[in-house]
Amino acid sequence: MLSIFHRITGVALAVGTVLLVWWLVAAASSAAYFAYVQGFMGSWMGIILLIGWAFSLYYHLCNGLRHLFWNAGIGLELGPARRSGILVFHAAVGLTALSVAIAFAG
């Protein structure tokens, strides 16, 4: 299940990158267009998309590190693999929450 979720978050990262490019193009285009895109990114839908993108980034990163350990032959047994999967998910949630807290604090 976590392997499938790794692929799903990879797709979400691609979609989020399109949003990032849209924001950068708007910044380079005009102040009015940038204000429009910034308004969308600040809306409830934009914030949810950005949080989802951040979670996808952190999950994909943490799970990629997990796979590097597996490639080295570490943690392949059922027990450690299960625990590392839970750790990856919790780390992604925690890092996302930390990022959101930092973003809204400043």
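The following refers to the structure shown. Because the structure is a prediction, the values reported are computed rather than measured. (Residues numbered from 1 in each chain as written. Predicted model: local features only at pLDDT ≥ 70, side-chain atom pairs only at ≥ 80, totals over all residues. Heavy atoms only, no water.)

1. Considerations on the overall build of the protein
- Within the protein, the secondary structure is distributed over 4 helices and 0 strands.
- Listing the helices and strands of the protein from first to last along the sequence gives α-α-α-α.
- Taken over the C-alpha atoms alone, the protein extends approximately 55 × 25 × 20 Å along its principal axes.
- Every one of the 106 residues in the protein was classed for burial, and the buried ones make up 22%.
- For the protein, restricting intrachain contacts to residue pairs at least 6 apart in sequence, the fraction spanning at least 24 positions comes to 62%.
- Surface accessibility of the protein: about 7,000 Å² in total, with carbon and sulfur atoms responsible for 78%. (Helix = DSSP H or I, 4+ residues; strand = E, 2+ residues; numbered from the N terminus. Buried < 20%, exposed > 50% of the residue type's maximum accessible area, 1.4 Å probe, protein only. Contact = heavy atoms within 4.5 Å. Areas by Shrake-Rupley, 256 points an atom, 1.4 Å probe, with all protein chains shown as cover.)

2. A word on the nonpolar core
- Counting 5 residues, the largest nonpolar core consists of Phe55, Tyr59, Cys62, Val88 and Ala92.
- Every element with two or more residues in this core is listed here: helix H3 (44-71) and helix H4 (78-105).
- If one sorts the elements of this core by residue count, H3 sits on top with 3 residues.
- Residues in contact with Phe55, not counting those within four places in the same chain, are Phe5, Phe89, Ala92, Val93 and Thr96. (Core = buried A, V, L, I, M, F, W, Y, C linked by side-chain atoms within 4.5 Å.)

3. Here we look at the packing of helix H1 (residues 2-29) against helix H2 (residues 31-41)
- Orientation of H1 relative to H2, taken along the N-to-C sense of each, is 150 degrees, at an axis distance of 7 Å. On the basis of their axis angle, the class for H1 and H2 is roughly antiparallel. Crossing angle aside, the handedness with which H1 passes H2 is left-handed. Together, Leu19, Trp22, Trp23, Ala26, Ala27 and Ser29 of H1 and Tyr33, Phe34, Tyr36, Val37, Gln38, Phe40 and Met41 of H2 make up the contact between the two elements.
- Within the contact of H1 with H2, the residues separate by chemical class into 11 nonpolar, 2 polar and no charged. (Axes fitted to C-alpha atoms, helices over the stretch in contact; angles between N-to-C directions. Parallel < 35°, antiparallel > 145°, perpendicular 65-115°, else oblique. Left-handed = near helix turned anticlockwise from the far one by under 90°. Nonpolar A, V, L, I, M, F, W, Y, C, P; charged D, E, K, R; others polar.)

4. Observations concerning the packing of aromatic side chains
- A complete count under the given rule lists 8 aromatic pairs for this structure.
- When the ring of Phe55 is compared with that of Tyr59, the centres are 6.1 Å apart and the planes differ by 25 degrees; the resulting orientation is stacked. Of this pair, Phe55 and Tyr59 both sit in helix H3, 4 residues apart, which is roughly one turn of that helix.
- Exposure remark for Phe55: the relative accessible area of 16% places this residue in the buried category.
- Every member of this aromatic cluster is reached through a ring pair, and the members are Phe5, Phe55, Tyr59 and Phe89. (Phe/Tyr/Trp six-rings, centres within 6.5 Å; stacked < 30°, edge-to-face > 60°.)

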